[in-house]
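Structure at a glance
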Amino acid sequence: MEVCAARAPGKIILAGEHAVVHGSAAVAAAIDLYTRCSLCLMPLADDEAAATLELDLKDPGLAFSWPCGRLREVLLTDEAAGAREARPCSPDRLASIARLLEEHEIPEAKIWLSAGLSAFLFLYTSILGCRPGKVTVSSDLPMGSGLGSSAAFCVSMSGVLLTAAGVVTAVGGISGEGMGWELVGKDDLELVNRWAFQGEKIIHGKPSGIDNAVSTFGSMIKFKKGELTNLKSSNPVKMLITDTRVGRNTKALVAGVSERASRHSDAMASVFNAVNSISEEVSSIVELAANDEIAITSKEEKLAELMEMNQGLLQCMGVSHSSIETVLRTTLKFNLVSKLTGAGGGGCSWSRIVFAALKLRLVDRVFKFAKEAAPILMEMLRTDLSMATIGISGIKYRFT
Ligand SMILES: Nc1ncnc2c1ncn2[C@@H]1O[C@H](COP(=O)(O)OP(=O)(O)OP(=O)(O)O)[C@@H](O)[C@H]1O
Ligand SMILES: C[C@@](O)(CCO)CC(=O)[O-]
Ligand SMILES: [Mg+2]
């Protein structure tokens, strides 16, 4: 029994969420909070009826099991298609997966998990067919909260499945960040990213691809219309992340922005255009910081202003939320500018979240803030606060 594992990071979006779905540029950075996925492939049993595919989700604390025969019967997998090229999940296949999930009693309070389960069944059966196996997933990332948990789930899952399929192989380099995790080669990364994007489509509906790209390739990236530019970044930068723990769902928020865009196409085109300019400016400031430590200091105010402008435009798109605004006001009292990251959570009954990513290179102020303001935020909003390092590397894997 061979066991392999993959680990993929979450992300914060420095500028451009939502607008990126409509063709604007966005800037994102990988953070040192990870989702880990391990796979133990079982030998093909003599008694085929006993063979199962198991999924153990540590964070929601739920386990699932499907008889391999049942998967074959319902999904009619096209195993000959192979894993070397990523394929989309057809509507028929998605409907068959939904039928399989109906056979499980997912607690009503955790029904949001079904999108992740569908992505899992699609990725597993497309890459490995109906082979018996056990997959275990654990994560540092809060789910459905703007830190790219769905992308880290799909990237680590695609990585481990493609490794087990023998399609993705080691390049030998063992990275410094975390013992024993090996780097994935460039072409293999591209393949992992393409499969993960297909998984994200199941969870997000209409993803831009930025979240899976930054989780796969790591570092800081500018992303526009599927094109990725790696931004050189300087020393690791710390961010303070505020989690309001107000639940929401990216798919619904993305759809809400698209509906607003179809109702007010000219106005929203101008909003997306303005976000594009902000992202372009943010990315040039990030690159400047990599080359010139002094020059960045003079740009700090500009960066803060850009963050405020982007936050205002997110409000225009309808994805802010009262709790986000409270966090912004509170952090501002400590002279820290914040903005939401990811899908946000604005105004509608189905989606609520806050992430306040604080402006770059203000570690001292962040520490002062953490001491003085954190208790206020925690008490007022029952938020979680944590520090994260951004710009770290992407997916890695290992055999155990
Ligand atoms: N560790 C995990 N185990 C199981 N399912 C997960 C896990 N992580 C993410 N998911 C799936 O992804 C969904 C959350 O994705 P969603 O895109 O709404 O939020 P997010 O990715 O955390 O935030 P954003 O897209 O704004 O960055 C969950 O509801 C679940 O279906
Ligand atoms: C809201 C969004 O722009 C970012 C979610 O992290 C959606 C996407 O780009 O897929
Ligand atoms: Mg997501």
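Criteria and thresholds
Residues numbered from 1 in each chain as written. Chains lettered and ligands numbered in written order. Predicted model: local features only at pLDDT ≥ 70, side-chain atom pairs only at ≥ 80, totals over all residues. Heavy atoms only, no water. Donors = N, O, S within 2.8 Å, 3.2 Å for Na, K, Ca; no water. Helix = DSSP H or I, 4+ residues; strand = E, 2+ residues; numbered from the N terminus. Buried < 20%, exposed > 50% of the residue type's maximum accessible area, 1.4 Å probe, protein only. Near = heavy atom within 4 Å. Polar contact = N/O pair within 3.5 Å; in protein donor to acceptor, adjacent residues only side chain to side chain. Areas by Shrake-Rupley, 256 points an atom, 1.4 Å probe, with all protein chains shown as cover. Nonpolar A, V, L, I, M, F, W, Y, C, P; charged D, E, K, R; others polar. Pairing = 2+ DSSP bridges. Expected span 1.5 Å × (residues − 1). Arc of directions from axis to C-beta. Contact = heavy atoms within 4.5 Å. Phe/Tyr/Trp six-rings, centres within 6.5 Å; stacked < 30°, edge-to-face > 60°. Axes fitted to C-alpha atoms, helices over the stretch in contact; angles between N-to-C directions. Left-handed = near helix turned anticlockwise from the far one by under 90°. Core = buried A, V, L, I, M, F, W, Y, C linked by side-chain atoms within 4.5 Å. Domains from an automatic or database assignment. Buried area = accessible area lost by both parts, 1.4 Å probe. Salt bridge = Lys/Arg side-chain N within 4 Å of Asp/Glu carboxyl O.

This part takes up the coordination of the magnesium ion (ligand 3). Of the protein atoms, only Ser150 (OG) and His204 (NE2) coordinate the magnesium ion (ligand 3), at distances of 2.1 to 2.2 Å. Of this pair, Ser150 sits in helix H4 (residues 149-164) while His204 sits in helix H5 (residues 186-204), and the two are 54 residues apart along the sequence. Exposure class is identical for Ser150 and His204. Each is buried.

Moving on, we come to the site of ligand 1. If you check the shell around ligand 1, you find 25 residues, and the closest are Lys11, Gly148, Ser149, His204 and Arg248. Within the contact set of ligand 1, an oxygen atom lies 3.0 Å away from a backbone nitrogen or oxygen of Gly144. Between Thr250 and ligand 1, the recorded distance is 2.8 Å, taken from a side-chain N or O atom to an oxygen atom. Protein contacts shield 96% of the accessible area of ligand 1, which totals 630 Å² for the unbound molecule. Broken down by secondary-structure element, the contributors of at least two residues to the shell around ligand 1 are helix H3 (113-128), strand S5 (133-139), H4 and H5. If one sorts the elements of the shell around ligand 1 by residue count, H4 sits on top with three residues. Split by residue class, the shell around ligand 1 holds nine nonpolar, twelve polar and four charged.

Moving on: the pairing of strand S8 (residues 220-224). Among the five residues in S8, four count as buried, and that is most of the element. Across four bridges, the pairing between strand S2 (residues 26-41) and S8 is antiparallel. Counterpart to Ala26 in the pairing with S8 is Phe223. Note that S8 and strand S9 (residues 227-231) share five bridges and pair antiparallel. Bridge pairing in S9 places Phe223 opposite Leu228. With antiparallel pairing between neighbouring strands as the criterion, S8 and S9 make up a hairpin whose turn holds two residues, including Lys225 at a positive phi of roughly 45°.

Because an α-helix completes one turn every 3.6 residues, residues spaced three or four positions apart along the sequence face the same direction. Here helix H2 (residues 91-102) is twelve residues long and its end C-alpha atoms lie 16 Å apart, about the 16 Å a rise of 1.5 Å per residue gives. Of all the positions in H2, only Arg93, Ser96, Ile97, Leu100 and Leu101 are classed as buried. Projected down its long axis, H2 carries its buried residues within an arc of 145°, all on one side. Along H2, the residues that are exposed and aim more than 90 degrees away from the buried face are Pro91, Asp92 and Glu102. On the buried face of H2, the contacting elements are strand S4 (62-67), helix H1 (68-75) and H3.

Neighbouring ligand 2 are 14 residues, the closest being Lys11, His18, Pro207, Ser208 and Asp211. Side-chain polar atom of Lys11 to an oxygen atom of ligand 2: 2.6 Å apart, as the coordinates give it. A distance of 2.6 Å separates an oxygen atom of ligand 2 from a polar atom in the side chain of Ser208. Listing elements by their share of the shell around ligand 2, those giving two or more residues are strand S1 (3-15) and helix H6 (210-217). Partitioning the shell around ligand 2 into residue classes produces seven nonpolar, four polar and three charged.

Turning our attention to the packing of aromatic side chains. One pair of aromatic rings is described through two measures. These are the centre distance and the angle between the planes. By the definition in use, this model includes four aromatic pairs. A ring pair is formed by Phe122 and Trp195, whose centres lie 6.2 Å apart and whose planes are at 50°; its orientation type is tilted. Taken together, the residues Phe122 in helix H3 and Trp195 in helix H5 connect sequence positions 73 residues apart. On the accessibility criterion, Phe122 (2% relative accessible area) is buried. Here the aromatic residues Phe64, Trp66, Phe120 and Tyr124 are joined through ring pairs into a cluster of three or more.

What follows is about the packing of H2 against H3. Relative orientation of the contacting elements H2 and H3 amounts to 115°, with a least axis distance of 10 Å. Pair H2 / H3 crosses with right-handed handedness. Across the interface between the two elements, Arg93, Leu94, Ile97, Leu100 and Leu101 from H2 touch Ser114, Leu117, Ser118, Leu121, Phe122, Thr125 and Ser126 from H3. Of the residues in the contact of H2 with H3, the class split is seven nonpolar, four polar and one charged.

Turning our eyes to something else, we now look at the nonpolar core. Among the nonpolar cores identified, the biggest contains 70 residues, and Trp66 and Phe120 are the most heavily contacted of them. The biggest single contributor to this core is H3, with ten residues. Discounting chain neighbours no more than four positions away, the residues touching Phe120 are Leu53, Leu55, Trp66, Val135, Phe153 and Met157. Grouped together as the second largest cluster of nonpolar side chains are 38 residues, Leu147, Ile241, Met317 and Ile324 included.

Each assigned domain of the chain is listed here: domain 1 (3-230 + 393-399) and domain 2 (233-390). Counting residues at the interface gives 33 residues for domain 1 and 38 residues for domain 2. With both sides pooled, the region where domain 1 packs onto domain 2 buries about 2,800 Å², and carbon together with sulfur makes up 63% of that total. Where domain 1 meets domain 2, there are two salt bridges. Lys222 is the salt-bridge partner of Glu280, the closest N and O atoms lying 2.8 Å from each other. Across the contact surface, domain 1 and domain 2 share twelve residue pairs in polar contact (both at pLDDT 80 or more). Sorting the residues of the side of domain 1 that touches domain 2 by element identifies S1, S2, H5 and S8 as the ones contributing at least two each.

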